[in-house]
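Spelled out from the first residue to the last, the chains are:
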Amino acid sequence: MTPATGQPRATASGRSGASAEVAAALRKAGLADLSDGVLERALYSSDASLYRVVPMVVAHPRDTDEVAAVLAVCRALGVPLTCRGAGTSIAGNAVGTGVVLDFSRHLNEVVEVSPHARSATVQPGTVQAQVQRAAAPFGLRFGPDPSSHNRCTIGGMIGNNACGSRSLAYGRTSGNVEVLEVLTAAGGALRLTGPGALPPGTEHGPGQPGRAGERGTPDGGPLPLLREAVAGGLATIRTELGRFGRQISGYGLEHLLPERGFDVRRALVGSEGTLAVVTGATVRLVPEPGHRALAVLGYQDMASAADAVPGLVARHRLAACEGLDSRILDVVTARRGPGARPALPRGSGWLFVEVTGESAAEATARAGEVVSAAGGTDAMVISDPRHAAALWRVREDGAGLAGRTADGRPAYPGWEDSAVPPASLGNYLRELGALLGEFGLTGVPYGHFGDGCLHLRLDFPLDRRDGRTVLRSFMTEAARLVARYGGSLSGEHGDGRSRSELLPIMYSAPALDLFRRVKTAFDPDNLLNPGVLVDPRPLDADLRASAFHPVRQSLALAYRHDGGDFAAAVHRCSGVGKCLADTTAAGGVMCPSYVATRNERDSTRGRARVLQEMVNGTLVTGGWRAPEVGKALELCLACKACSSECPAGVDMAAYKAEVLHQAYRRRLRPRSHYALGWLPSWARAASYLPGLVNAALVAHFPGRAARFAAGIDARRGLPAFAPRTFRAWYAAHAGQRASGGTPALLLVDTFTNHFDPAVGIAAVGVLEDAGFSVRIPRRRICCAITWISTGQLGVARRVLRRTLAELAPAARAGIPVVGLEPSCTAALRSDSVDLLTTAGPPRTAGAPGPAARPGAADAKAVAGAVHTLAEILATAPGWEPPDLTGTPIVAQPHCHHSAVLGWDADAALLRRAGADLTRVGGCCGLAGNFGAERGHYDVSVAVAETALLPAVRSAAPGTVLLADGFSCRTQLSGLAGRTGVHLAQLLARKPGSLPDGTRNPWRHGR
Ligand SMILES: Cc1cc2nc3c(=O)[nH]c(=O)nc-3n(C[C@H](O)[C@H](O)[C@H](O)COP(=O)(O)OP(=O)(O)OC[C@H]3O[C@@H](n4cnc5c(N)ncnc54)[C@H](O)[C@@H]3O)c2cc1C
Ligand code: SF4
Ligand code: SF4
């Protein structure tokens, strides 16, 4: 091992001998949760940066003794150690070639909140939002709030000296740490409590006081050498460090000045895991302000907005002052549709200025004062917290949204968070704009303008031969520019692998020498996060983006937005980790499997990493059939939540379908693929003798055998086939159908037809009541979702072609097609187009996009005509829903509602009806075939427990459980013993008098 360069002695591919040796030594030292397997190493091979660095071993320590044991092994074997929280670092700060120590899995507790001392003691892997939740009951909060607050850890915030939009009010992490507990590379434990609090030589090893004689230190620890270095460099520190608030680059040695009391605690914050390992911290809590208000100020452009900042900051007490311009709104519009573009004051550059007050009126008045002093083109005050939150969301998603330019090209971090003293920001922006023009680069800028910090991702041409040269040249020129303005290469995220090499442009040789001496004092053997800050890796080494080749041959899906390239599609994941956050309480769904298991493998990001390694082919070598790929995708529910909630647009359900399709091509599949994938065909066969089939399935032995043969978990019930299908009912009542009215074609899906005809019957009644003349397709049709979700994409395409041929004439004639089952409706609105468009050549300017397969035109026509029930009813003139005033309704929109169809029309309709609506986030956990399959039951239940089941338990008696998905109703009945109601049924009759056909169609398993 050569820790100085951070390069492994072992090869990156497979389980290397060196990895196994390290893993064995760690196990011997008592580590229980670790892996040197390919899967785990792939999962941790990147953070949210440009870089790909494959570790030898990933370890998840359970206590401080285990951390000390890892350090001892690393010392003995000369293996580098990289600490990691949530891995949301953007500069390559949290990747390493040796052991990656993940604190987020086990060491993630808030140990104590002390309202009197206004502090919280936490383990290093505790998520920032968790600290906020623990402090909130006392009216307190932890000040620094990075945009990644719902997944980033306190250890990682300490590592990077993180702060956020509200740093004007709360400062950086360094100013909010009261006590730091660390282990040095030599294994010494330090409890750092404040300026000068620690006399020299008082550190001790875990459980053994007075450890002395560490290597490189004369008297048993890094502190004497540190004092010596600082004493020799006072002038350098005073002139070069701590010059302005967002000077994050390099070490924070200003805290070690005598006038600051030699505060080692604060100096270690921001050292990016290169000096010591944080094992615990006590952080300061501050009172949560009573009320906030937002002033949105419009300016001619972003630089003019920046020019206004110093005046505003000087005259007003601001909690936040953020800048953005129309480019981020263009991305929002391109990604989320025109409806998502917020209305802002006139202008092309804006400041979002937050102020606080004891009362709402005081906060609003303060915002008004800011508006009168703004001097821009236009302004508005927003005091409604929901409106303000929606605007902040645009800003918070910035890093993810800015991962693509408005026209869809990837944009990369690198020059991500430069900062200058705020008075210079306007001019810096102008010069930086000119520099970008010289290099032909574009990006989406935004940032913490109140502090002079600018976020910017750029479309470095990393797929081109000269991509690295462009990256290196631009970064060097930009570093020179920021240095000329007295700024910092990093104003927030640390230097990592992106900028450490450029530190000589910002700092003098004596300052760099001081950094080296500090590093040597703490970590003489360069074990801790080598390649970062001191002895840096080249900024253009280990680039993830240039480590893949296109995958375009024989794909089943189109990857329309990725030039038909599966590799480009999976590389959409930039690692920002929104999928690791539990957003269920705010109505989010992504990523239900991770929320249930908390294992990186089960996150959208983890899956994307493994697929990235699959297309790279050096670590995960088995291609589509690699066992690591199968394991990573095993618990993906194909809920599609990521396709709409991931800011980078990762669509893991589609990638999973492709992988299953490719992996099982002309091969035997799992049993459930034949049973549940072909459910529409089995259901049709069963419809000839439903009573007999039901009787057989409910009997003990045949039922067990059927579950086994179908690959269904023994704890699951089997659906009962309806005695009469919906189509049969429709045919029997055809003579009673109203002939007048606006024509509408009702999609008869398998679930409504064979299992729950009451839903279809109710829908016919509601639609006719709303003035529609309801027809159904002449032939039996199917949306093919069961074949899509099991990756039988050839069959799916054939089935879809027949279906689309049946529906397209009506769609082209302007007749709306109404879907009842959300997954079927979503399949016709989106998957069908992807399946019937050929993956074509990469899209270049002027070149045609992916070519059309037969049926593609039908798919587009039908996709445009498909409506949900709520959507079609919203178009019915004069129709009024039943009076549901005061009716309590708990609704968990189907995950394909959230991801593809939207649920706004449903919510609006229910509110119009006067219902007392509670919308539940998350997923029901059954998700089509997923929860029924053997091996998925426990995770399926855990997913249901994240939101749905608690909401059902706490619902008042008589609450209507609204669930449009057959899966969702099945899960409700199987796990809660409650009957879910489809919107059609709710609208057809008032609650309490549901149609006779509404019943629990599943029998309990044995
Ligand atoms: C979408 C997005 C938005 C962001 N917004 C902001 C923002 O507004 N403000 C901001 O400051 N940052 C922001 N960041 C950067 C990043 O999220 C923060 O720096 C965050 O604090 C990192 O926390 P983490 O748990 O992910 O740490 P990691 O990335 O895992 O680690 C961060 C650093 O800390 C070190 N480290 C981790 N744990 C320990 C430990 N126990 N002991 C010693 N060293 C340790 C690591 O080695 C690494 O160098 C953003 C990132 C993303 C992706
Ligand atoms: S999948 Fe999306 S949300 Fe998750 S880390 Fe990747 S880019 Fe971020
Ligand atoms: S489809 Fe659902 S379960 Fe699968 S990765 Fe996306 S959000 Fe997670």
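In this text the structure is predicted, and so the values were computed from the model without any measurement.

Caption draft 1: Looking closely at the overall build of the chain. Assigned secondary structure in the chain consists of 43 helices and 24 strands. A globule of 1006 residues ought to have a C-alpha radius of gyration of about 30 Å, and the chain, at 30 Å, matches this closely. In terms of overall dimensions, the chain has a C-alpha envelope of 100 × 65 × 60 Å along the principal axes. In the chain, buried positions account for 62% of the 1006 residues. Pairs at least 24 residues apart make up 74% of the contacts formed inside the chain by residues separated by at least 6 positions. On the chain, roughly 35400 Å² of surface is accessible, and the fraction owed to carbon and sulfur atoms is 53%. The centroid of the 107 positive side-chain charges in the chain is displaced by 8 Å from the centroid of its 88 negative side-chain charges.

Caption draft 2: Structural context of the pattern of salt bridges. This structure, assessed with the given rule, holds 48 salt bridges. Between D263 and R265 there is a salt bridge, with its nearest N and O atoms 2.8 Å apart. Overall, D263 belongs to the buried group, its relative accessible area being 4%. Taken together, the shared-partner salt bridges in this structure form one network comprising R141, D145, R166, E288, R292 and E354.

Caption draft 3: Region of the structure containing the packing of helix α22 (residues 604-616) against helix α23 (residues 627-634). Between α22 and α23, the shortest axis-to-axis distance is 9 Å and the interhelical angle comes to 160°. Comparing the axis directions of α22 and α23 gives the class roughly antiparallel. Pair α22 / α23 crosses with left-handed handedness. Of α23, the residues touching α22 (which contributes R607, V610, L611 and M614) are E628, V629, A632 and L633.

Caption draft 4: Structural detail: a nonpolar patch on the surface. Taken together, L668, Y674, W678 and W682 make up a surface patch of nonpolar side chains, about 460 Å² in accessible area. With respect to the helices and strands, W682 occurs in helix α27 (residues 679-686).

Caption draft 5: Expanded view of the site of ligand 2. Residues in contact with ligand 2 amount to 13 residues; listed here are only the nearest, C573, V576, G577, C579 and C646. The residue inventory of the shell around ligand 2, partitioned by class, reads seven nonpolar, four polar and two charged.

Caption draft 6: Molecular detail of the pairing of strand β5 (residues 110-114). In this sheet, strand β6 (residues 119-122) lies alongside β5 in antiparallel orientation, the contact comprising four bridges. Bridge pairing in β6 links V110 to V122. As consecutive antiparallel partners, β5 and β6 are separated by four residues, and within that stretch R118 has a phi angle of approximately 50°, a positive value.

Caption draft 7: Spatial organisation of empty space enclosed by the protein. This model, assessed by the stated rule, comprises ten cavities of 30 Å³ or more. The calculated volume of the largest cavity comes to roughly 120 Å³. Lining the largest cavity are 17 residues, with Q247, I248, Y251, G252 and E254 sitting closest to its centre.

Caption draft 8: Looking closely at the sheet that holds strand β19 (residues 772-775). An order of β19-β18-β20-β21 is seen for the four strands of this open sheet, with the pairing classed as parallel. Taken across any chain shown, the strands that pair with only one partner, and hence form the sheet edges, are β19 and β21 (866-868). For this sheet the average axis-to-axis angle between neighbouring strands, irrespective of direction, equals 40°.

Caption draft 9: The arrangement of the confidence of the model for the chain in detail. Chain-level statistics for the chain give a pLDDT mean of 90 and a share of 92% at 70 or above. Within the model, the stretch residues 1-14 combines pLDDT values under 50 with 38 contacts to residues more than four positions away or in other chains. Ignoring residues within four places in sequence, the model shows residues 840-848, a span with pLDDT below 50, making 13 contacts including any to other chains.

Caption draft 10: Quick peek at the environment of Y170. Of note, Y170 is situated in helix α6 (residues 167-170). Setting aside residues up to four positions removed in sequence, Y170 forms contacts with R141, G143, P144, N176, V286, E288, P289 and R292.

Caption draft 11: How the structure looks around unusual backbone geometry. Between M590 and the following residue, C591, the backbone shows a cis peptide bond with an omega angle of -15°. Looking at the element boundaries, C591 is found in the loop between α20 (566-570) and α21 (592-597). Even without glycine at this site, S554 takes up a positive phi of about 55°. You can see S554 is positioned in the loop between α19 (509-522) and α20.

Caption draft 12: The arrangement of the layout of surface pockets in detail. Its volume calculated, the second largest pocket comes out at about 510 Å³. If you go around the second largest pocket, you meet 30 residues; those closest to its centre are E634, L660, Y664, P670 and H673. Of all elements in the fold, only α23, α25 (652-663) and α26 (671-675) reach the threshold of two or more residues within the lining of the second largest pocket. For the lining of the second largest pocket, the element with the most residues is α23, which contributes five residues. Counted by class, the lining of the second largest pocket contains 15 nonpolar, eight polar and seven charged residues.

Caption draft 13: Representation of the nonpolar core in the model. Membership of the largest hydrophobic core comes to 101 residues, with the highest contact counts inside it found for L180, L351, W415, Y428 and F474. The element best represented in this core is helix α16 (residues 467-484), accounting for eight residues. Contacts of L351, omitting those with residues within four sequence positions, involve A295, V296, L297, Y299, A305, V309, L312, C321, E322, G323 and F449. Listed in part, the 94 residues of the second largest apolar core include Y44, V54, L619 and C824.

Caption draft 14: View of helix α32 (residues 757-769). Its 13 residues give α32 an end-to-end C-alpha distance of 18 Å, which sits within 8% of 18 Å, the value for a rise of 1.5 Å per residue. The set of residues buried in α32 consists of P757, A758, V759, G760, A762, A763, V764, V766 and L767. Trailing α32 by a residue or two, G771 shows a phi angle of about 95°, which is positive.

Caption draft 15: The packing of helix α34 (residues 793-812) against helix α35 (residues 822-835), seen in detail. One way to put it is that α34 packs onto α35 with a least axis distance of 10 Å and a crossing angle of 120°. Classified by the angle their axes make, α34 and α35 are oblique. Relative to α35, α34 is oriented so that their crossing is left-handed. Of the residues in α35, those touching α34 at L793, A796, R797, L800, T803, L804 and L807 are L828, S832 and L835. When its residues are assigned to classes, the contact of α34 with α35 shows seven nonpolar, two polar and one charged.

Caption draft 16: Region of interest: the sheet that holds strand β8 (residues 177-184). The strand order β5-β6-β10-β8-β9 describes an open sheet built from five strands, whose pairing is antiparallel. At either end of the open sheet lies a strand with only one pairing partner, and these are β5 and β9 (189-192). For this sheet, the mean inter-axis angle between neighbouring strands, taken without regard to orientation, is 15°. Where β6 meets strand β10 (residues 276-284), four bridges bridge the pair, whose relative direction is antiparallel. Directly across from A120, in β10, lies its bridge partner V283. With respect to the sheet, helix α3 (residues 64-77) is in contact with β8 and β10, its orientation differing from that of β8 by roughly 45°.

Caption draft 17: Local environment of the site of ligand 1. Among the 36 residues in the neighbourhood of ligand 1, the closest are listed as G85, T88, S89, S148 and C163. Taking C163, its main chain carries an N or O atom lying 2.5 Å from a nitrogen atom of ligand 1. If ligand 1 stood free it would expose 960 Å²; the protein chains cover 98% of that surface. Of all the elements in the fold, those that place two or more residues in the shell around ligand 1 are β3 (81-84), α5 (154-160) and β10. Tallying contributions element by element places α5 first for the shell around ligand 1, with five residues. Across the shell around ligand 1, the residue classes tally to 16 nonpolar, 16 polar and four charged.

Caption draft 18: Region of interest: the pairing of β3. Alternating residues of β3 divide into L81 and C83 and T82 and R84, and every residue in both groups is buried. Of the pairings in the sheet, the one linking β3 to strand β4 (residues 99-102) comprises four bridges and is parallel in character. Note on β4: the bridge partner recorded for T82 is V100.

Caption draft 19: Spotlight on the packing of aromatic side chains. The tally for this structure, following the rule as stated, stands at 16 aromatic pairs. Here the aromatic rings of F566 and Y655 are separated by 5.9 Å at their centres, their planes lie at 80°, and the arrangement is edge-to-face. With F566 in helix α20 and Y655 in helix α25, this pair connects stretches of sequence that are 89 residues apart. For the residue pair F566 and Y655, the accessibility class agrees, reading buried in each case. Positioned above the aromatic ring of W392, the side-chain terminus of R166 is 5.5 Å from the ring centre. Above the plane of the ring of F708 lies R671, whose end atom (NZ or CZ) is 4.2 Å from the centre.

Cut-offs applied
Residues numbered from 1 in each chain as written. Chains lettered and ligands numbered in written order. Predicted model: local features only at pLDDT ≥ 70, side-chain atom pairs only at ≥ 80, totals over all residues. Heavy atoms only, no water. Helix = DSSP H or I, 4+ residues; strand = E, 2+ residues; numbered from the N terminus. Rg over C-alpha atoms; globule rule 2.2 N^0.38 Å. Buried < 20%, exposed > 50% of the residue type's maximum accessible area, 1.4 Å probe, protein only. Contact = heavy atoms within 4.5 Å. Areas by Shrake-Rupley, 256 points an atom, 1.4 Å probe, with all protein chains shown as cover. Lys, Arg positive; Asp, Glu negative; His and termini not counted. Charge placed at Lys NZ, Arg CZ, Asp CG, Glu CD. Salt bridge = Lys/Arg side-chain N within 4 Å of Asp/Glu carboxyl O. Axes fitted to C-alpha atoms, helices over the stretch in contact; angles between N-to-C directions. Parallel < 35°, antiparallel > 145°, perpendicular 65-115°, else oblique. Left-handed = near helix turned anticlockwise from the far one by under 90°. Patch = residues over 30% accessible without salt bridge, like charges linked within 9 Å, V, L, I, M, F, W, Y side chains within 5 Å. Near = heavy atom within 4 Å. Nonpolar A, V, L, I, M, F, W, Y, C, P; charged D, E, K, R; others polar. Pairing = 2+ DSSP bridges. 1 Å grid on protein atoms, 1.4 Å probe; cavity = no way out; pocket = protein on both sides within 12 Å on 5 of 7 lines; lining within 4 Å. Points joined across faces, edges and corners; volume = space filled by probe spheres on them. pLDDT = per-residue confidence, 0-100. Core = buried A, V, L, I, M, F, W, Y, C linked by side-chain atoms within 4.5 Å. Expected span 1.5 Å × (residues − 1). Polar contact = N/O pair within 3.5 Å; in protein donor to acceptor, adjacent residues only side chain to side chain. Phe/Tyr/Trp six-rings, centres within 6.5 Å; stacked < 30°, edge-to-face > 60°. Lys NZ or Arg CZ within 6 Å of the ring centre and 35° of its normal.

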